[in-house]
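Descriptive structure summary
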Amino acid sequence: MTIPLVNLHRQHEELHDEIHDAIASVIQRADFILGAEVDAFEREFADYCDAEHCVTVGSGLDALTLTMKGMGIGPGDEVITAANTFVATALAIQHAGATPILIDHEPQTYTLDPRRISSAITSRTRAILPIHLYGHPAEMDTIQAIADEHGLLVIEDAAQAHGARYNGRRCGSLGNAAAFSFYPGKNLGALGDGGAVVTNDDSLAQWIRAARNYGSTVKHRHAIRGFNTRLDTLQAAVLRVKLRYLDPWNATRRWVAARYSEFLGDADVILPAERENVEPVYHLFVIRCEDRDVVLQQLQDKGIGAGIHYPTPIHRQTAFSGGCYVPSPPANTEACCDQLLSLPMCPFMTLDDIEEVAHELKSALVCISRVAQKSESSYGI
Ligand SMILES: *Cc1c(COP(=O)(O)O)cnc(C)c1O
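Presented here is an overview of the structure given in this document. (Residues numbered from 1 in each chain as written. Predicted model: local features only at pLDDT ≥ 70, side-chain atom pairs only at ≥ 80, totals over all residues. Heavy atoms only, no water.)

Applying the stated criterion across every chain, the model contains eleven aromatic pairs. Ring centres of F45 and Y48 lie 6.0 Å apart, and the angle between their planes is 10 degrees; this geometry places the pair in the stacked category. One end of the pair is F45 and the other is Y48, both in helix α3 (residues 36-48) and three residues apart, which spans about a single turn. The burial state of F45 is the same as that of Y48; both residues are buried. (Phe/Tyr/Trp six-rings, centres within 6.5 Å; stacked < 30°, edge-to-face > 60°. Helix = DSSP H or I, 4+ residues; strand = E, 2+ residues; numbered from the N terminus. Buried < 20%, exposed > 50% of the residue type's maximum accessible area, 1.4 Å probe, protein only.)

Quick look at the structure:
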C-alpha cells in the first residue's frame, strides 16, 4: 500500500526513542503486572478525560463488559445501542448476559438517533449505549434527558473517540461510565491490546478494579468472582508516551478531514457532517458513494488502503441470530452499509497523500459513471 488506511510505521518512527526508553525502564524494573506505570497512566488518562477514575483492563471489549456487569446489568435486561457499530459493542451486552436492542443512527453523523430511543424502551431496559462512532460524539444531552426520564444508565462506547468534545466536554465524562480501547489503530493505541473504563462512580470503579484482577484488591482476598483482564504494564508505559501527543494528533486528523472535504466538495459522494456542538476526532473518515465495492477495488488497485466500517450490521451477523432484538427496521443502517467507504486517515498524512486519495477516488467515480452511460446507450441500439 502506498497510502495505508492507518500508518502506524510513521507514528512509531517518530516516537522510536521515547517508546524504547519507556519499555526498557519497565524491563529494568521487572515490574510487569499493574504497578506504578499502570497507576500513573490511569491518573493521567482520567485527568485527560476530566473524570474521577480510570480503571485499565485488557481490551475495549472487556471495558464494556465489565462496566455492564459492575452496574448489575445481566440476564433479562435490555441495553439499547446502534445496529451500525463494531461487533464488540453488542458482544459486550451479550457477554454481560443482557440483550442488545439495535436501533438506527442519525443519517448525517452515524451516531445513535435519539428520536428512535423512546419507542425501543421496555420495562426490561436498563441502559442506553451510544457509540461515538468514527470519532463523532453522539447527541449526549438528548440521550441523557431520555435516560433521566426513564431511570436508565448511559454508557459511552468511546473506543473511537479519545479526546473528542461534546459541548466543550470530553467524551468519557458524559455518561455514567465510558469504555475506551487502546487497540493499536485507535487514536490512542498501544503496541497490543488494552482498554479502560472511565467514570465518576466510585463504587463502579472499585468493582472493576477488583474484577479485572481475580476479584482482588488486597492480595489473597477475593471479594468477587473476578477475571484476569489487566492492561500490561509495558503497554501502560507506551500509552503514557503517546498520550502526550494525542491532542496534536487529533488536531491533525481534523485538518486531514477538512482537506478531504475541500478536495471532494465537487465529487458525487456524501461527506461526513459535524454537528455544531462537537469537536470530532476523526478516528475514521467515512464517506458514502454508489458502486462502493467497485470504487474500493479501484482504490486498492492504486495502492490506497480504503476500508469499510461496517459492511454488515450487527443483527445480520450469525453470532447474533436469535441473540438481539430489532424493534423496527433500521432504514439508515440498511441503506448505507453498501455505500460506506473509509478513506485513509491518520495524523501522518501529507497534503500530497490527501490530494492523491481524492484524485484517485474522483477518477474511480468518473470511470464508473462512463461505464454506466455506455451501458445505458447500448440499450438504445
Ligand atoms: C475497537 C472498538 C471496540 C473494542 O475494542 P477492543 O480493544 O478491540 O476490544 C469497541 N467498540 C468500538 C466502537 C470499537 O471501535
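Moving on to the site of the ligand. The full set close to the ligand counts 13 residues, and G60, D157, Q160, S181 and K186 are the nearest of them. D157 has a polar side-chain atom sitting 2.8 Å from a nitrogen atom of the ligand. One of the side-chain N or O atoms of Q160 is found 2.8 Å from an oxygen atom in the ligand. Considered on its own, the ligand offers 380 Å² of accessible surface; in the complex 92% of this is hidden by protein. Put simply, the parts of the chain that give the shell around the ligand at least two residues each are α4 (60-70) and α5 (87-95). (Near = heavy atom within 4 Å. Polar contact = N/O pair within 3.5 Å; in protein donor to acceptor, adjacent residues only side chain to side chain. Areas by Shrake-Rupley, 256 points an atom, 1.4 Å probe, with all protein chains shown as cover.)

Take the side chain of T65 next. Inspection of the secondary structure puts T65 in helix α4. Side-chain polar atoms of T65 contact the backbone oxygen of L61, separated by 2.8 Å. Every residue in contact with T65, bar those within four places of it in the chain, is listed here: A92, H95 and A96. (Contact = heavy atoms within 4.5 Å.)

Turning to unusual backbone geometry, a few remarks are in order. The linkage connecting H309 with the following residue, Y310, adopts the cis geometry, with an omega of 10 degrees. Looking at where Y310 falls in the secondary structure, it is placed in the loop between α10 (292-301) and α11 (331-336). Phi is positive for L34, close to 50 degrees, though the residue is something other than glycine. One non-glycine residue, Y110, lies in positive phi territory at about 65 degrees. One can find Y110 in the loop between β3 (99-103) and β4 (125-128).

Below, the discussion takes up the packing of α3 against helix α8 (residues 233-243). Interhelical geometry of α3 versus α8 gives an angle of 35 degrees and a closest axis separation of 8 Å. Crossing of α3 over α8 shows left-handed handedness. Residues E37, V38, A40, F41, E44, F45 and Y48 of α3 form the contact with α8, whose participating residues are T233, A236, A237, L239, R240 and L243. For the contact of α3 with α8, the per-class residue count stands at nine nonpolar, one polar and three charged. (Axes fitted to C-alpha atoms, helices over the stretch in contact; angles between N-to-C directions. Left-handed = near helix turned anticlockwise from the far one by under 90°. Nonpolar A, V, L, I, M, F, W, Y, C, P; charged D, E, K, R; others polar.)

Read across the sheet, three strands follow the order β7-β6-β10 without closing on themselves; strand pairing throughout is antiparallel. Looking along the sheet, the strands with just one partner apiece sit at the ends: β7 (169-170) and β10 (278-279). (Pairing = 2+ DSSP bridges.)

Bringing the pairing of β4 into the picture now. Here strand β2 (residues 78-82) pairs with β4 via three bridges, running parallel. Paired with E78 across the strands is T125, a residue of β4. Pairing of β4 with strand β5 (residues 153-157) involves two bridges; the strand directions are parallel. Residue A127 lies in a different strand from β5, and its bridge partner there is L153.

Counting residues in each nonpolar core, the largest one holds 37 residues, and the members touching the most others are Y260, V295, L341, L343 and L361. Secondary structure elements with two or more residues in this core: α2 (16-29), α8, α9 (246-263), β11 (285-288), α10, β12 (340-343) and α12 (351-380). Sort the elements by how many residues they give to this core and α12 lands first, with seven residues. When near neighbours in sequence (up to four residues on either side) are disregarded, L361 contacts L264, V269, I287, V295, L299, L341 and L343. Formed by 32 residues, the second largest nonpolar core is a distinct cluster that contains I101, I143, A164 and Y310. (Core = buried A, V, L, I, M, F, W, Y, C linked by side-chain atoms within 4.5 Å.)

Of the positions making up α5, those classed as buried are A88, T89, A90, A92 and I93. Of the surrounding elements, those touching the buried residues of α5 are α4, β2, β3 and β5. The first or second residue beyond α5 is G97, which carries a positive phi of 100 degrees.

A few words now on the sheet that holds β2. Strand order in this open sheet of seven strands is β1-β9-β8-β5-β4-β2-β3, and the pairing throughout is mixed. Looking at which strands have only one partner, the edges of the open sheet turn out to be β1 (53-57) and β3. The sheet shows a mean angle of 25 degrees between the axes of neighbouring strands, taken without regard to direction. Here strand β8 (residues 177-181) pairs with strand β9 (residues 195-199) via five bridges, running antiparallel. Of the residues in β9, the one forming a bridge with S181 is G195.

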